[in-house]
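Single-letter residue listing:
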Amino acid sequence: MEALMTFLSSVEGIVWGVPMLILLLGVGIYLQLGLKLIPIRKLGTGFKLMWQGRDAKHTPDGKTKTDDDGEISPFNALMTALSATIGTGNIAGVATAIFLGGPGAVFWMWITALVGMATKFAEAVLAVRYRETDSTGYHVGGPMFYIKNGLGKKWVWLGGAFALFGAVAAFGIGNTVQSNSVAEGLSESLGVPHWLTGLILMVLAGAVILGGIKRIAKVAGKLVPIMGIAYVLAGILVLILNANQIGEAFSLIFYHAFNPIAAAGGFAGAGVAMAIQFGVARGIFSNEAGLGSAPIAHAAAQTKNPIRQGLIAMLGTFIDTIIVCTITALVILTSVEWDGGETGARLTAISFDLALPGIGEYVVTFALAVFAFTTILGWSFYGEKCFQFLFGTRSIMLYRVLFIIAIPLGAMANLNLVWVLASVFNAMMAIPNLIALALLSPIVFKLTKDYFDGKDILPGEELDHDKSS
């Protein structure tokens, strides 16, 4: 077992090394430039479309939708994608980035998010453009489908590779790792046994997962905004209490993004290269831009216009990293303990508790539990669709049952091996997806240009912008 761990750790170091980070950032920068910064310039349009897309039964102009449009509202498609991305990365991942890369890592997380918005936009555009309807009448899409339908039959093997990696990765990062994180947190703060946490999670998640995408989206559409807003408000309250430290926190972030920081207290110090590496790596781990997971959810959206869904999808990266991760980072950096040697969720919990004695730690524990729960829901759908691509519609229920059974096992297991395996398979998902995004980028550019030039407006639609913009 030790030899296997050593081997897998070596593989993890390779697949998540500098070349992978350059590939993820490189494709994102290429897409952002090719789109002429539209994902950034049209951020307001994206929020407007998201708000209009809350009702699954009607289009923004009030017309009744048909079942041919998709299964869930554009808003709930975004919430389903966010349910999978807002999780341990926003709480533990940010703290780890600061612990390993210093405060400057936060700046590089922001850069990764701004670049990743273009990646998420392109993923969703292609997911809606090349989605299919399965034998049960449900819309299915994602990287495996835009590889198959966009690149042609000779590339089907690449779509199959993505589906295989995705189906397996879902059991790690989207299941056992999450249930274990919740069990560990509740055990430390409230003394709840691991097996009991696993059993409760299995029952609750199972009741939602067995209902399919419509039930997952309905729960995500309620839980994600409520918990996300509550966490952000709690963070803002901490920042109000630590207001005199906010200026210094931003100074640390911007200065040490380009300058090394010396060791202090329990902090080992970090060079600029480490700030970039850990900022980029943890940013991608948090918002999943480039992994190819989120477009699987966006393919089920009730829309016939890929660009509209792309504008909504890119908000996922903005909300996840620019808003939620920034709140966590500022709470940590305005506390007096950020360089005390703690890391992960423990560092975040201590930082909250210093400002909100007696309740701060429980805020983080509860947030982590809810975020992990919704991550399990979102990734169950991702893994299911990957499995369906490989083995057909009849395999869906088998995958759901296996996924639900794995939840309590993860809560009680030692997950060192699972963590490494999950990390490796996540990276392996990204490679086929990034290849497809690069090869299909001319399609994304053309569809986007036509939309904003007013050439591709469906009957009854109106432009959400001035054509001269």
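Fair warning: this is a prediction, and the values are worked out from it, not measured in the lab. (Residues numbered from 1 in each chain as written. Predicted model: local features only at pLDDT ≥ 70, side-chain atom pairs only at ≥ 80, totals over all residues. Heavy atoms only, no water.)

Trainee: Tell me about the overall build of the chain, and please be specific about residues and values.
Mentor: Secondary structure summary: the chain contains 20 helices and two strands in total. Over its C-alpha atoms the chain spans a radius of gyration of 21 Å, differing by no more than 12% from the 23 Å that the globule rule assigns to 469 residues. The principal-axis extents of the C-alpha atoms in the chain amount to approximately 60 × 50 × 40 Å. Every one of the 469 residues in the chain was classed for burial, and the buried ones make up 58%. Of the roughly 18,300 Å² that the chain leaves accessible, carbon and sulfur atoms contribute 67%. A distance of 12 Å separates the average location of the 29 positive side-chain charges in the chain from that of its 29 negative side-chain charges. (Helix = DSSP H or I, 4+ residues; strand = E, 2+ residues; numbered from the N terminus. Rg over C-alpha atoms; globule rule 2.2 N^0.38 Å. Buried < 20%, exposed > 50% of the residue type's maximum accessible area, 1.4 Å probe, protein only. Areas by Shrake-Rupley, 256 points an atom, 1.4 Å probe, with all protein chains shown as cover. Lys, Arg positive; Asp, Glu negative; His and termini not counted. Charge placed at Lys NZ, Arg CZ, Asp CG, Glu CD.)

Trainee: Give a detailed account of the pattern of salt bridges, specifying residues and quantitative values.
Mentor: On inspection of all chains with the given rule, the structure shows six salt bridges. For the salt bridge of E361 with R346, the shortest nitrogen-to-oxygen distance reads 3.2 Å. One end of the pair, E361, is in helix α18 (residues 360-391); the other, R346, is in helix α17 (residues 344-355), and 15 residues separate them in sequence. Taking relative accessible area as the criterion, E361 reaches 23% and is therefore assigned partly exposed. Residue K449 is joined to D453 by a salt bridge in which the shortest nitrogen-to-oxygen separation is 2.8 Å. For K449, a relative accessible area of 48% puts it in the partly exposed group. Counted as one network, the salt bridges with shared partners bring together E384, K385 and R400. (Salt bridge = Lys/Arg side-chain N within 4 Å of Asp/Glu carboxyl O.)

Trainee: Before we move on, could you go through the environment of F352 and cite the residues and values that matter?
Mentor: In this fold, F352 is placed in helix α17. The residues contacting F352, other than those within four sequence positions of it, are Y231, A234, G235, V238, V331, G360, V363 and V364. (Contact = heavy atoms within 4.5 Å.)

Trainee: Explain the nonpolar core residue by residue, including any values.
Mentor: W16, I98, F121, Y231 and I307 are the most contacted members of the largest nonpolar core, which has 93 residues in total. Per element, the largest residue contribution to this core is twelve residues, and it comes from helix α7 (residues 104-129). (Core = buried A, V, L, I, M, F, W, Y, C linked by side-chain atoms within 4.5 Å.)

Trainee: Which residues make up unusual backbone geometry, and what values go with them?
Mentor: Non-glycine residue K36 carries a positive phi angle of around 55 degrees. In this structure, K36 sits in the loop between α2 (18-34) and α3 (38-41). Overall, K36 belongs to the exposed group, its relative accessible area being 61%. For L37, which is not glycine, the phi torsion reads 65 degrees and is therefore positive. Of note, L37 is situated in the loop between α2 and α3. By relative accessible area, L37 is classed as partly exposed at 38%.

Trainee: Tell me about the packing of aromatic side chains, and name the residues and values.
Mentor: On inspection of all chains with the given rule, the structure shows 20 aromatic pairs. Their ring planes at 55 degrees and their centres at 5.5 Å tell us that F171 and F403 sit as a pair that is tilted. Taken together, the residues span a long stretch of sequence, with F171 in helix α9 (residues 156-190) and F403 in helix α19 (residues 396-412) at a distance of 232 residues. Given a relative accessible area of 23%, F171 falls into the partly exposed group. Judged by relative accessible area, which is 0%, F403 ranks as buried. Lying over the aromatic face of Y130, R129 brings its terminal NZ or CZ to 4.9 Å of the ring centre. (Phe/Tyr/Trp six-rings, centres within 6.5 Å; stacked < 30°, edge-to-face > 60°. Lys NZ or Arg CZ within 6 Å of the ring centre and 35° of its normal.)

Trainee: Any chance you could break down the environment of G104 for me, citing the residues and the numbers?
Mentor: Tracing the backbone shows G104 in helix α7. You can call G104 buried: its relative accessible area is 0%. The spacing of G104 and E132 is 28 residues in sequence and 43 Å in space, taken between C-alpha atoms. If sequence neighbours within four positions are ignored, G104 has contacts with L252, I253, H256, A257 and A275.

Trainee: Describe in detail the side chain of S351, supporting the description with residues and values.
Mentor: Secondary-structure assignment places S351 in helix α17. Once residues lying within four places of it in the same chain are set aside, the contact partners of S351 are V331, I332 and S335.

Trainee: Quick rundown of the packing of α7 against helix α20 (residues 416-452)? Include the residues and the values.
Mentor: Orientation of α7 relative to α20, taken along the N-to-C sense of each, is 80 degrees, at an axis distance of 9 Å. Judged on the interaxial angle alone, α20 and α7 are roughly perpendicular. Residues T119, F121, A122, E123, V125, L126 and R129 of α7 form the contact with α20, whose own contacting residues are N433, L437, L440, I443, V444, L447 and T448. (Axes fitted to C-alpha atoms, helices over the stretch in contact; angles between N-to-C directions. Parallel < 35°, antiparallel > 145°, perpendicular 65-115°, else oblique.)

Trainee: Break down helix α8 (residues 143-151) for me, with residues and values.
Mentor: Regarding α8, the residues found buried are P143, M144, F145, Y146, I147 and L151. The positive-phi residue at the C-terminal boundary of α8 is G152, with phi of around 100 degrees.

Trainee: Could you give an account of a nonpolar patch on the surface, with specific residues and numbers?
Mentor: Taken together, the side chains of W195, L199, V203, L210, M397, V401, I405, L409 and M412 define a hydrophobic patch exposed on the protein surface, amounting to about 850 Å² of accessible area. Only α10 (194-209) and α19 provide two or more residues apiece to the nonpolar patch. Examining the composition of the nonpolar patch, we find that five residues originate from one element, α19, more than from any other. Summarising the element assignment, L210 is placed in the loop between α10 and α11 (212-241). (Patch = residues over 30% accessible without salt bridge, like charges linked within 9 Å, V, L, I, M, F, W, Y side chains within 5 Å.)

Trainee: Can you tell me about the confidence of the model for the chain, naming the residues and giving the values?
Mentor: Summing up the model confidence of the chain, the mean pLDDT is 87 and the portion of residues at 70 or higher is 92%. Considering only residues more than four positions removed or in separate chains, one finds that residues 58-68, a stretch of pLDDT under 50, has 18 contacts. Considering only residues more than four positions removed or in separate chains, one finds that residues 457-469, a stretch of pLDDT under 50, has 24 contacts. (pLDDT = per-residue confidence, 0-100.)

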